[in-house]
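For reference, the chains in residue letters:
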Amino acid sequence: MSITAAGPDPSARIRERPEVVSPPPASLPGWVDRLIGDAPVRAVSARDGRPGVERRESAGWRLVSVVLAGARGLDVLTFQQAVMDGFAAVLDQLEPRGTVHPVRFWAFVPDIHARLEPDLDRYMVFNAARFAAYSAWYGGREAFPRALPTASAVGTFGQDLVLHCLAADTPGRPVENPRQVPAYRYSRRFGPLPPCFARATLVARPAQRALLLVGGTASIRGEASMHESDLGAQMDETLANLASVAEAACGTSGTSDGPAALAGYRHLRAYHRREGDRAEVESRMREAFPGLERLELLSAELCRPELLVEVEGVAEGPEAAADS
């Protein structure tokens, strides 16, 4: 008995999605390159003690990048000053204020949990430097709730610290997650100064749906890490947080179920701490996000040593946000 094909399998396209890739360490997500396109790179020389940067811009977006060479070998005070200078050099490229607005930062921090002092690891020192840089830029911490961009910071195995900033011609709207304490209000158990970022940023676009830029999201409730050593439970918590922040952006917190709230995500990157967890992370991501077009998977140290997975990405914002 033979079976004759009746035409293309309508489910084939669904099975083929998403595109799954493994980008190099310390690289930007693919959606950023698509957003900027083939815009030429403009090198800006170091000045006033601040490092040189690279700058690209296209159609209402600007990307500014800086490499702090040899950051892994710096002592605590020199490292903190280098990070402050790096942020200042990036933010210099967004002058005059009101012209370009930072909406998303990425930081790739070498040996992120190395102890620089008995009670301070490198990520805590990075946070203190970022806090100082933002306080200077925004004119004080009082502006954080209405102005902070979203962000992620993961570890790398190299020597350099790499910092990228995506900015837009229109200001973004910070979005917080009702399930979590805003990062800039964390207690001192996470360092002398808290990490500074919004959970997500909603960016309006003319005649298009808004973009929801979601920062590094992990198994954290309130400010506490949840489900230590349990990848499955950490994935559940992370997915719940991704759903919650999407609902918050749409003003529908608590009114829809989690799976529906995840349908708007299009491009995601998942960092997994243990290389052996990749297959399970990929499987869970494929299952949870029906609209996902691209999934990037990278092995990396995360901002807390007990976390096993962190997810960031882009979702479609609410229809009305594009006209607001």
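An account of the accompanying structure is given in this report.

Conventions used here
Residues numbered from 1 in each chain as written. Predicted model: local features only at pLDDT ≥ 70, side-chain atom pairs only at ≥ 80, totals over all residues. Heavy atoms only, no water. Core = buried A, V, L, I, M, F, W, Y, C linked by side-chain atoms within 4.5 Å. Buried < 20%, exposed > 50% of the residue type's maximum accessible area, 1.4 Å probe, protein only. Helix = DSSP H or I, 4+ residues; strand = E, 2+ residues; numbered from the N terminus. Polar contact = N/O pair within 3.5 Å; in protein donor to acceptor, adjacent residues only side chain to side chain. Contact = heavy atoms within 4.5 Å. Expected span 1.5 Å × (residues − 1). Pairing = 2+ DSSP bridges. Axes fitted to C-alpha atoms, helices over the stretch in contact; angles between N-to-C directions.

### What to know about the nonpolar core
Argument step 1. Counting residues in hydrophobic clusters, the biggest one holds 70 residues, and the most contacted among them are Phe-79, Phe-105, Phe-126 and Leu-161.
Argument step 2. Looking at this core, the elements that each hand over two or more residues are helix H2 (30–36), strand S4 (61–68), helix H3 (76–92), strand S5 (101–110), helix H4 (122–138), strand S8 (150–156), strand S9 (161–168) and strand S12 (208–217).
Argument step 3. In terms of residue count, H4 provides more of this core than any other element does, 9 residues in total.
Argument step 4. One finds Leu-212, Val-245, Leu-297 and Val-309 within the second-largest nonpolar core, a separate group that totals 31 residues.

### Regarding the side chain of Asn-241
Argument step 1. Turning to its location among the elements, Asn-241 is positioned in helix H6 (residues 231–250).
Argument step 2. Taking the relative accessible area as the measure of exposure, Asn-241 reaches 0% and is therefore buried.
Argument step 3. Engagement of the side chain of Asn-241 in a polar contact is seen with the side chain of Asn-177, the distance being 3.1 Å.
Argument step 4. Look past the residues within four positions of Asn-241 in its chain and what remains in contact with it is Asn-177, Arg-179, Gln-180, Thr-217, Ala-218 and Ile-220.

### Overview of H6
Argument step 1. In a regular helix each residue adds 1.5 Å, so 20 residues correspond to 28 Å; H6 covers 29 Å between its end C-alpha atoms and thus fits that length.
Argument step 2. In terms of burial, H6 is largely enclosed, as 17 of its 20 residues are buried.
Argument step 3. Between the side-chain oxygen at the start of H6 and the backbone nitrogen of Gly-232 there is a gap of 3.3 Å, and the oxygen is on Asp-230.
Argument step 4. Gly-251 lies just past H6 and shows a positive phi near 75 degrees.

### Considerations on the sheet that holds strand S2 (residues 42–44)
Argument step 1. Strand order in the open sheet made by the 6 strands is S2-S3-S4-S9-S5-S8, with mixed pairing throughout. The sheet is open, and its two borders are formed by S2 and S8, each paired with just one other strand. Between one strand axis and the next, the sheet turns through 20 degrees on average, direction left out of account.
Argument step 2. H4 rests against S5, S8 and S9 of the sheet, and its axis sits at about 155 degrees to S5.

### Details of the pairing of S5
Argument step 1. When you tally the buried positions in S5, you get 10 out of 10 residues, the bulk of the element.
Argument step 2. Examined bridge by bridge, S5 and S8 share 7 bridges and lie parallel to one another. Note on S8: the bridge partner recorded for Ala-107 is Ala-153.

Any functional reading would require information beyond the geometric quantities listed.
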